[in-house]
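Chains, contacts and geometry: an overview
One-letter residues, chain by chain:
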Amino acid sequence: MVSSDRTSAPRDARAGDEDRRSFFSTATAVIVGGIVSVFPFAAGLLVLFDPLRRQGSAGGFLRIASLDELPADGVPRSFPVITDRVDAWNKFVNEPVGMVFLRRTKEGVAQVEALNAVCPHAGCFVDFLSKESHFQCPCHDSSFEPNGTRIHPERCPSPRDLDALAVEIRMVEGREEVWVEFKNFRAGTPEKIADA
C-alpha cells in the first residue's frame, strides 16, 4: 500500500506537468493564430471600404462647351453637364450629372456667366422663355431675370436667386473653351449651401 502511494505521486506530478505544457502550447497557438489572422482581416476591410473614403474627392471645373457655341447676344443657352460619375464601387463614363445655362455678357470679350439650371425652391429644372426673356420654373412659377435674379422676390416662391457658378475660359488646342465649376446646392433655403 505504501509502495503504491510512492509510485502514484510522481505519476500525478508528470501528468500535471503535461497538462500545464499542453495548456501553454494551446494558448500560444490561439494567440499567434489570432494575431496572424487579424492583419489579413483588417486589410480586407480597408480594401472593401476604400471607395467610401475616396468618394468625397470629386469636384472641380468641367468642360461645358467651346466659346464659339455661345453667341454674343446675352441670351442664356442650356448645356448638359457631362462627366464620369463615380459612386462607392462603380464608375459611369460620360454621364449627365446636371444642366447649366451659359450666357455671354459682352461682345468681343470672353465674359461668360453660368447658372445652375435647378430652381432653388424645390429642385425643378427652369426653362428660359425667349419671348418673355426670363427663366421660368414649371413647378411653382418662380421667375428669374436672364442674370438669375428673382423677378418680384417678395412673391417668388424661390428663397434665393438662381445659383451662379464659377467660370473659366481656357485655351485648349487653339480653341477657347468654357469650363464651369459645377455644383448642386441645397433647395429650399435662402443661403447658398453646396451639396456634399
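Structure first, text after, so check above.
Residues numbered from 1 in each chain as written. Predicted model: local features only at pLDDT ≥ 70, side-chain atom pairs only at ≥ 80, totals over all residues. Heavy atoms only, no water.

Let us look at the pairing of strand β3 (residues 91–104). Of the strand pairs in this sheet, strand β2 (residues 77–86) and β3 are connected by nine bridges, and their pairing is antiparallel. Looking across to β3, one finds that S78 is bridged to F101. The antiparallel pairing of β2 with β3 creates a hairpin that spans four residues between the two strands. Where β3 lies against strand β4 (residues 112–116), five bridges are found, and the strand directions are antiparallel. Of the residues in β4, the one forming a bridge with R103 is E113. (Pairing = 2+ DSSP bridges. Helix = DSSP H or I, 4+ residues; strand = E, 2+ residues; numbered from the N terminus.)

The next thing to look at is the sheet that holds strand β10 (residues 175–181). Pairing between the strands of a sheet comes from backbone hydrogen bonds, and it takes one of two forms, parallel or antiparallel. Taken in spatial order, the three strands make up an open sheet running β1-β10-β9, and their pairing is antiparallel. If you trace the sheet from one side to the other, it starts and ends with β1 (61–66) and β9 (167–172), each paired once. Strand-to-strand twist of the sheet, defined as the mean angle between neighbouring strand axes without regard to direction, takes the value 40°. Note: β9 against β10, six bridges, orientation antiparallel. Bridged to I169 within β10 is V178. (Axes fitted to C-alpha atoms, helices over the stretch in contact; angles between N-to-C directions.)

What follows concerns the packing of aromatic side chains. Within this structure, the stated rule accounts for three aromatic pairs. With a centroid separation of 5.6 Å and 65° between ring planes, the pair formed by F23 and F24 is classed as edge-to-face. In this structure F24 comes out as partly exposed when scored by relative accessible area, which is 49%. Ring geometry for F128 and F135: centres 5.0 Å apart, planes at 70°, overall edge-to-face. In this structure an aromatic cluster arises from ring pairing among F101, F128 and F135. Directly above the ring of W179 sits R170, whose terminal nitrogen or CZ lies 4.3 Å from the centroid. The lysine or arginine in question, K192, covers the ring of F185, its NZ or CZ lying 4.9 Å from the ring centre. (Phe/Tyr/Trp six-rings, centres within 6.5 Å; stacked < 30°, edge-to-face > 60°. Buried < 20%, exposed > 50% of the residue type's maximum accessible area, 1.4 Å probe, protein only. Lys NZ or Arg CZ within 6 Å of the ring centre and 35° of its normal.)

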